[in-house]
Amino acid sequence: MLFDIAFDVLKDNIKILPFLFLAYLLIEWLERHAEEHSVELVSRHRALGPVAGGVLGVIPQCGFSAATSNLYAGQLISRGTLLAVFLSTSDEMLPIMAASAAPAGLIVKILVYKMLCGIAIGLIVDAFERRHPANRPKVDLCEQEGCHCEEEEGIIRPAFFHSVKIFLFLLFTTFLVSLAVETVG
């Protein structure tokens with residue numbers, strides 16, 4: 001039983017690793033090369049963030065929510081964009097509905113509803129935050145982790161380090177949850 005759970009958890013979580021790596025690679029690159037420009041660009045076009053997040057969240061892709069969480073922590077996307085992604089993400093819904101032979105029309109309606117809800121909530125949250133700005137500190141991953149990645153010459157090693165660290169956390173957490181579900185029911 002434990003081997004089966006561990007194998008399933010590893011098989012499911014290994015799919016997330018490339019997305020985590022790409023997200024951390026982007027964060028490292030932006031921190032080193034384009035931070036000022038990208039922050040200015042995102043702040044100028046911030047209103048489109050929830051729309052893009054809602055649309056992209058509907059597309060099944062492992063790790064997209066985790067990647068957007070990292071972008072939010074680095075203040076590269078708004079809270080509304082993060083919520084739009086979370087609300088529209090359908091990675092778990094699609095296999096369950098497909099396995100239960102749900103009609104395609106129903107699946108499409110739910111996806112559109114999730115996307116529109118994500119966009120609407122994201123836009124509302126961003127509008128509220130524009131009127132009542134919160135002082136959200138920027139999270140510097142390397143500083144917070146104490147890994148001294150900023151001293152590295154390139155961005156690949158730090159991105160890999162952070163990706164593996166989060167991957168191991170997700171692996172452990174998913175294993176515990178799966179074990180609890182399998183044991184308790």
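Here the structure is a predicted model, which is why all the values come from computation and not from measurement.

About the thresholds
Residues numbered from 1 in each chain as written. Predicted model: local features only at pLDDT ≥ 70, side-chain atom pairs only at ≥ 80, totals over all residues. Heavy atoms only, no water. Helix = DSSP H or I, 4+ residues; strand = E, 2+ residues; numbered from the N terminus. Contact = heavy atoms within 4.5 Å. Areas by Shrake-Rupley, 256 points an atom, 1.4 Å probe, with all protein chains shown as cover. Buried < 20%, exposed > 50% of the residue type's maximum accessible area, 1.4 Å probe, protein only. Arc of directions from axis to C-beta. Axes fitted to C-alpha atoms, helices over the stretch in contact; angles between N-to-C directions. Parallel < 35°, antiparallel > 145°, perpendicular 65-115°, else oblique. Left-handed = near helix turned anticlockwise from the far one by under 90°. Nonpolar A, V, L, I, M, F, W, Y, C, P; charged D, E, K, R; others polar. Patch = residues over 30% accessible without salt bridge, like charges linked within 9 Å, V, L, I, M, F, W, Y side chains within 5 Å. Salt bridge = Lys/Arg side-chain N within 4 Å of Asp/Glu carboxyl O. Lys, Arg positive; Asp, Glu negative; His and termini not counted. Charge placed at Lys NZ, Arg CZ, Asp CG, Glu CD. Polar contact = N/O pair within 3.5 Å; in protein donor to acceptor, adjacent residues only side chain to side chain. Phe/Tyr/Trp six-rings, centres within 6.5 Å; stacked < 30°, edge-to-face > 60°.

**Looking at the overall build of the chain**
When helices and strands are counted, the chain shows 9 helices and 0 strands. Tracing the chain from N to C terminus, the helices and strands come up as α-α-α-α-α-α-α-α-α. In the chain, the share of contacts with a sequence separation of at least 24, taken over all contacts with a separation of at least 6, comes to 78%. As displayed, the chain offers around 11,400 Å² of accessible surface, 70% of which is attributable to carbon and sulfur atoms.

**Points about helix α3 (residues 49-58)**
Owing to its 3.6 residues per turn, the α-helix brings residues three or four apart onto one side. Along α3, the residues classified as buried are G49, P50, G53, G54, G57 and V58. The arc that holds the buried residues of α3, viewed along the axis, is 155 degrees, so those residues lie on one side.

**Details of the environment of I77**
For I77, the location among the structural elements is in the loop between α4 (64-73) and α5 (79-88). Residue classification places I77 among the buried positions, given a relative accessible area of 15%. The spatial distance from the C-alpha of I77 to the C-alpha of G49 is 7.0 Å, given a sequence separation of 28 residues.

**Looking at the packing of α3 against α5**
The relative placement of two packed helices comes down to the angle between their axes together with the axis-to-axis distance. Where α3 meets α5, the axes come as close as 7 Å, and the angle between the chain directions of the two elements is 20 degrees. The orientation of α3 relative to α5 falls into the category roughly parallel. The chirality of how α3 crosses α5 is right-handed. Here α3 contributes G49, P50, G53, G54, G57 and V58 to the contact with α5, which in turn contributes G80, T81, A84, V85 and S88. Along the lines of polarity and charge, the residues of the contact of α3 with α5 split into 4 nonpolar, 7 polar and no charged.

**Regarding the packing of helix α1 (residues 2-14) against helix α9 (residues 156-184)**
In the contact formed by α1 and α9, the axes pass within 9 Å of each other and the chain directions differ by 135 degrees. By the angle between their axes, α1 is oblique relative to α9. Between α1 and α9 lies a crossing of right-handed hand. Each of L2, I5, A6, V9, L10, N13 and I14 in α1 lies in contact with α9, whose residues at this interface are F167, L170, L171, T174, F175, S178, L179 and E182. Residue composition of the contact of α1 with α9, by class: 11 nonpolar, 3 polar and 1 charged.

**Thoughts on a negative patch on the surface**
Taken together, the side chains of D4, D8, D12 and E182 present a region of like negative charge at the surface. Among the elements that take part in the negative patch, α1 stands out by supplying 3 residues, more than any other. Along the chain, D4 turns up in helix α1.

**Considering the side chain of D126**
In this fold, D126 is placed in helix α7 (residues 104-131). Only 2.7 Å separates the side chain of D126 from the side chain of S78, close enough to count as a polar contact.

**Considering the environment of I121**
The topology assignment puts I121 in helix α7. Sequence separation of I121 and T81 is 40 residues, and the distance between their C-alpha atoms is 9.1 Å. Excluding its chain neighbours within four sequence positions, the residues that come into contact with I121 are L83 and L87.

**Side note on the side chain of T89**
Locating T89 in the fold gives a position in the loop between α5 and α6 (93-99). A relative accessible area of 15% places T89 in the buried class.

**A closer look at the packing of aromatic side chains**
One pass over the structure, following the stated rule, counts 1 aromatic pair. The interplanar angle of 15 degrees and the centroid separation of 6.4 Å between the aromatic rings of F3 and F7 together place this pair among those described as stacked. Of this pair, F3 and F7 both sit in helix α1, 4 residues apart, which is roughly one turn of that helix.

Just distances and angles here, no functional claims.
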